[in-house]
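# Per-entry structural report
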Amino acid sequence: MNRFTSRVKWIAILLLFVAPAATVRAADDSKTDDAKPAKADKSKVKVAVIELKGSYPEGAEAEGLFAEISPNLNRILDRLNQAAKDDKIAAVILEVRDPEVGRAKVNEIRAAIAAIRKAGKKVYADVRSADSKQYLIASACNEIIMPESGTLTVMGVRAELTFYKDLLDKLGVKAEIMQMGAYKGASEPMTRSGMSPEFRKQFELVIDDFYAQLVDTIVADRHLDHGKVKDLIDEGLLTATGAKEAGLIDRVQYIDQFRDDLAKTLKVDEIKLVKDYGKKEVDADLSSFAGMIKFMQMVMGIETPQTSGKNKKIAVIYAVGVINSGESGGGLFDEASLGGDTLIKAIHQAEEDSKVVAIVLRIDSPGGSALASDLMWREIVKCKKPIIASMGDTAASGGYYIAMGAKKIFCEPGTLTGSIGVVGGKVALKGLFDKIGIKTDVISRGKNSGLESMDEPFSPSERDAWMKSMHDIYRQFTTKASEGRKIELKKLQEDLAGGRVWSGKQAVNNKLADKLGTLDDAVAEAKSMAGLKAEDAVDRLNLPKPKSFLENLFGGSSTETRLKSAAPELAEGLAKLARIRRMFSERAALVLPCEIDIK
């Protein structure tokens, strides 16, 4: 009762801020005209303007008034796809404003741009400055426009890994972490001062493939030869004028100048720009009691009753974040974590829905708990409805573990995957405690009673017991991968496992995945496996449902929010420590080899 009273109080405060407005809505000029298709009129056309800015996490779309506060990948792709199908839209201007996306998301956005162009509409990239990933989005468009003060920094691909062992040595802290697989590397930042030869060799293969993908894509998009593109990448930093002379962009213009010329380009007398095209309209009339109730429902994330559709459904279940036992965490301000219980409930929900004919598991996870990964894998394997895995930016270690239970695996060329290996251990703090004057007295019964002690390092018998457990988990991992992917166990262990990581393209070549493709491609495959035709209409059921704005607001930490705003670098550092803590919260972890930043 107290919790309800507290929520009502905060809702009332929110209403004070918004009450002066009679109507709250997100602008969408595309809905201002009649529903009937517009007659062809070459004197005046509409041009959609869509901004790409910020991060676009994977996951089901939030409900309610504040859904636009936390845009996700689904929503931006829906808006691009809407522009492709909208007969009233003649062209699209894509404002590329520092989108924070990984390589798989870049591929998804590029595929949506290609669909617009396939529909016979031109797409123009409005770019002020761009790095490699942002440029790959822009290069998928018909033309790239940049102001003369803009810069293009296509500097290749770089992997950076920070090592903490020397710092830990100075503090008297000893990382007691073991791994199964010479290439696993998750413990190396805490146990070494630099990359091991095995780790470096494997990541060089991945970086080489990412670099080749970058070069090949620019060559194809800009119709340049490989040698010239490599020379331009080696140059790295180009002004707008230099980029145009090199053939990497098309126009050096301010966007208002380009818009003035756009009518001539489209061979019409006048254009109408539709700003924020495709954003959802939210109508909350606060002038009546009923309107205020509706507004409160939207704030609380209460969905309005929907009539039951007649179409069959494809359930898209999102497996996003570091894997842990229990419920998923994260939300509006927190980093997402993938709870095993939450994903299992989503699978059960899809399985029990009579209209759901197949499931697509969309994975963006570096792994985590071995136990939670295995329990999720079991539910995927025993599900009676076909499950297709679709890999996003990362589906490695525990993320790959759950994928290998699916009937087929789709991945993007830039997906980071594999990492079939196990890591586990503890951090012994005795040296640090001695330095700062903390003493620990121990009463112990049992030869291995100190297995989980954070004071003393492992004894020889404790280390043997821990390694025996990890050997068994590694055996389970490799055996299930061998059976699921139909790869001979010895070959998998010698050539593919051991903690090795792969790009999506390499994973397909090595039979760790089946096909390269987007989420839409995986949905199409799910339809086929369910016995439906390509032209059959289906609805998507996105699971698990996200928390409402208020659930995230009241469940989160205001201190954390302020820290992220005031000191983002410190907040990211603390977030990395929190991820490590979550990953090693259980005795064995299936995690991507260390916290590595690939740019």
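### Looking at the overall build of the protein
Summing up its helical and strand segments, the protein has 22 helices and 25 strands in all. Burial analysis of the protein (599 residues in total) assigns 48% to the buried set. Looking at the protein alone, contacts between residues at least 24 apart form 76% of all its contacts between residues at least 6 apart. Looking at the protein as shown, the accessible area adds up to about 29,000 Å², and 53% of this sits on carbon and sulfur atoms.

### Considerations on the packing of helix H7 (residues 197–222) against helix H8 (residues 226–235)
Packing of H7 against H8 leaves a shortest axis separation of 9 Å and a crossing angle of 120°. On the basis of the axis angle, H7 is oblique to H8. In the crossing of H7 with H8, the sense of the turn from one axis to the other is right-handed. Across from Tyr-211, Leu-214, Val-215, Asp-216, Ile-218 and Val-219 in H7, the residues of H8 making contact are His-226, Val-229, Lys-230 and Ile-233. The residue makeup of the contact of H7 with H8, split by class, is seven nonpolar, one polar and two charged.

### Quick word on the sheet that holds strand S1 (residues 44–55)
Taken together, the six strands give an open sheet; going across it, the order is S10-S5-S3-S2-S1-S11, and neighbouring strands pair in parallel fashion. The open sheet has two edge strands, strand S10 (251–252) and strand S11 (270–274), and neither has a second partner. Across three bridges, the pairing between strand S3 (residues 122–127) and strand S5 (residues 143–146) is parallel. Residue pairing for S5: Ala-125 is matched across the bridge by Ile-144. Here helix H10 (residues 255–266) sits on the sheet in contact with S1, strand S2 (89–100), S3, S5, S10 and S11, set at roughly 125° to S11.

### A word on the side chain of Ser-369
Tracing the backbone through its elements, the reader meets Ser-369 in strand S16 (residues 367–369). A polar atom in the side chain of Ser-369 sits 3.0 Å from the backbone nitrogen of Ala-372.

### Observations regarding a nonpolar patch on the surface
On the surface, Tyr-164, Leu-167 and Leu-171 cluster together into a nonpolar patch covering about 260 Å² of accessible area. Within the element layout of this structure, Tyr-164 appears in the loop between strand S7 (159–161) and helix H5 (165–171). When its relative accessible area of 37% is taken as the criterion, Tyr-164 is described as partly exposed.

### Examining the sheet that holds strand S4 (residues 129–130)
On the basis of which strands lie adjacent, the open sheet formed by three strands has the order S4-S6-S9 and mixed pairing. The sheet is open, and its two edges are formed by S4 and strand S9 (237–239), each paired on a single side.

### Considerations on empty space enclosed by the protein
Inspection of the entire model under this criterion finds one cavity of 30 Å³ or more. Estimated volume of the largest cavity: approximately 40 Å³. Lining of the largest cavity is provided by Tyr-135, Val-154, Ile-218, Val-229, Leu-232, Ile-233 and Leu-248. When the residues that make up the lining of the largest cavity are grouped by side-chain class, the tally is seven nonpolar, no polar and no charged.

### Side note on H7
Across its 26 residues, H7 extends 37 Å between first and last C-alpha, which sits within 8% of the 38 Å expected from 1.5 Å per residue. Note on H7: the residue one or two positions beyond its end, His-223, has a positive phi of about 55°.

### What to know about the packing of aromatic side chains
Evaluation of the coordinates by the stated rule reveals five aromatic pairs. A centroid spacing of 5.1 Å and a plane angle of 55° characterise the contact between Tyr-124 and Phe-258, whose relative ring orientation is tilted. Here Tyr-124 is found in strand S3, whereas its partner Phe-258 is found in helix H10, with 134 residues between them in sequence. The class for Tyr-124 is buried, based on a relative accessible area of 0%. Given a relative accessible area of 0%, Phe-258 falls into the buried group. Judged by centre distance (4.7 Å) and plane angle (50°), the ring pair of Tyr-401 and Phe-477 falls under tilted. One end of the pair, Tyr-401, is in helix H14 (residues 398–403); the other, Phe-477, is in helix H16 (residues 460–485), and 76 residues separate them in sequence. With respect to burial, Tyr-401 and Phe-477 carry one shared label: buried. Following the ring pairs from residue to residue traces out a cluster consisting of Trp-377, Tyr-401 and Phe-477. Over the ring of Trp-377 we find Lys-480, and its NZ or CZ is 4.3 Å from the ring centre.

### Observations concerning the pairing of S2
Burial analysis of S2 places nine of its twelve residues in the buried class, the great majority of the element. Sheet topology places S1 next to S2; ten bridges connect them, and they run parallel. Bridge pairing in S2 places Val-47 opposite Ala-91. Bridge count between S2 and S3: six bridges; the pairing is parallel. Looking at S3, one finds that Leu-94 is bridged to Ala-125. Crossover S2 to S3 through helix H3 (residues 103–118) is right-handed.

### Considering unusual backbone geometry
At the junction of Leu-543 and Pro-544, the peptide bond is cis and its omega measures out at -10° in the coordinates. You can see Pro-544 is positioned in the loop between strand S23 (538–543) and helix H20 (549–555). With a phi angle near 65°, Lys-511 is a residue other than glycine that sits in the positive phi range. Looking at the secondary structure, you find Lys-511 in the loop between helix H18 (504–509) and strand S22 (515–516). Here Lys-511 falls in the exposed class, since its relative accessible area comes to 56%.

### Digging into the environment of Arg-475
When you line up the elements, Arg-475 lands in helix H16. Sequence separation of Arg-475 and Val-422 is 53 residues, and the distance between their C-alpha atoms is 9.8 Å.

Parameters and conventions
- Residues numbered from 1 in each chain as written.
- Predicted model: local features only at pLDDT ≥ 70, side-chain atom pairs only at ≥ 80, totals over all residues.
- Heavy atoms only, no water.
- Helix = DSSP H or I, 4+ residues; strand = E, 2+ residues; numbered from the N terminus.
- Buried < 20%, exposed > 50% of the residue type's maximum accessible area, 1.4 Å probe, protein only.
- Contact = heavy atoms within 4.5 Å.
- Areas by Shrake-Rupley, 256 points an atom, 1.4 Å probe, with all protein chains shown as cover.
- Axes fitted to C-alpha atoms, helices over the stretch in contact; angles between N-to-C directions.
- Parallel < 35°, antiparallel > 145°, perpendicular 65-115°, else oblique.
- Left-handed = near helix turned anticlockwise from the far one by under 90°.
- Nonpolar A, V, L, I, M, F, W, Y, C, P; charged D, E, K, R; others polar.
- Pairing = 2+ DSSP bridges.
- Polar contact = N/O pair within 3.5 Å; in protein donor to acceptor, adjacent residues only side chain to side chain.
- Patch = residues over 30% accessible without salt bridge, like charges linked within 9 Å, V, L, I, M, F, W, Y side chains within 5 Å.
- Salt bridge = Lys/Arg side-chain N within 4 Å of Asp/Glu carboxyl O.
- 1 Å grid on protein atoms, 1.4 Å probe; cavity = no way out; pocket = protein on both sides within 12 Å on 5 of 7 lines; lining within 4 Å.
- Points joined across faces, edges and corners; volume = space filled by probe spheres on them.
- Expected span 1.5 Å × (residues − 1).
- Phe/Tyr/Trp six-rings, centres within 6.5 Å; stacked < 30°, edge-to-face > 60°.
- Lys NZ or Arg CZ within 6 Å of the ring centre and 35° of its normal.
- Right-handed = clockwise from strand over helix to strand, strands pointing away.

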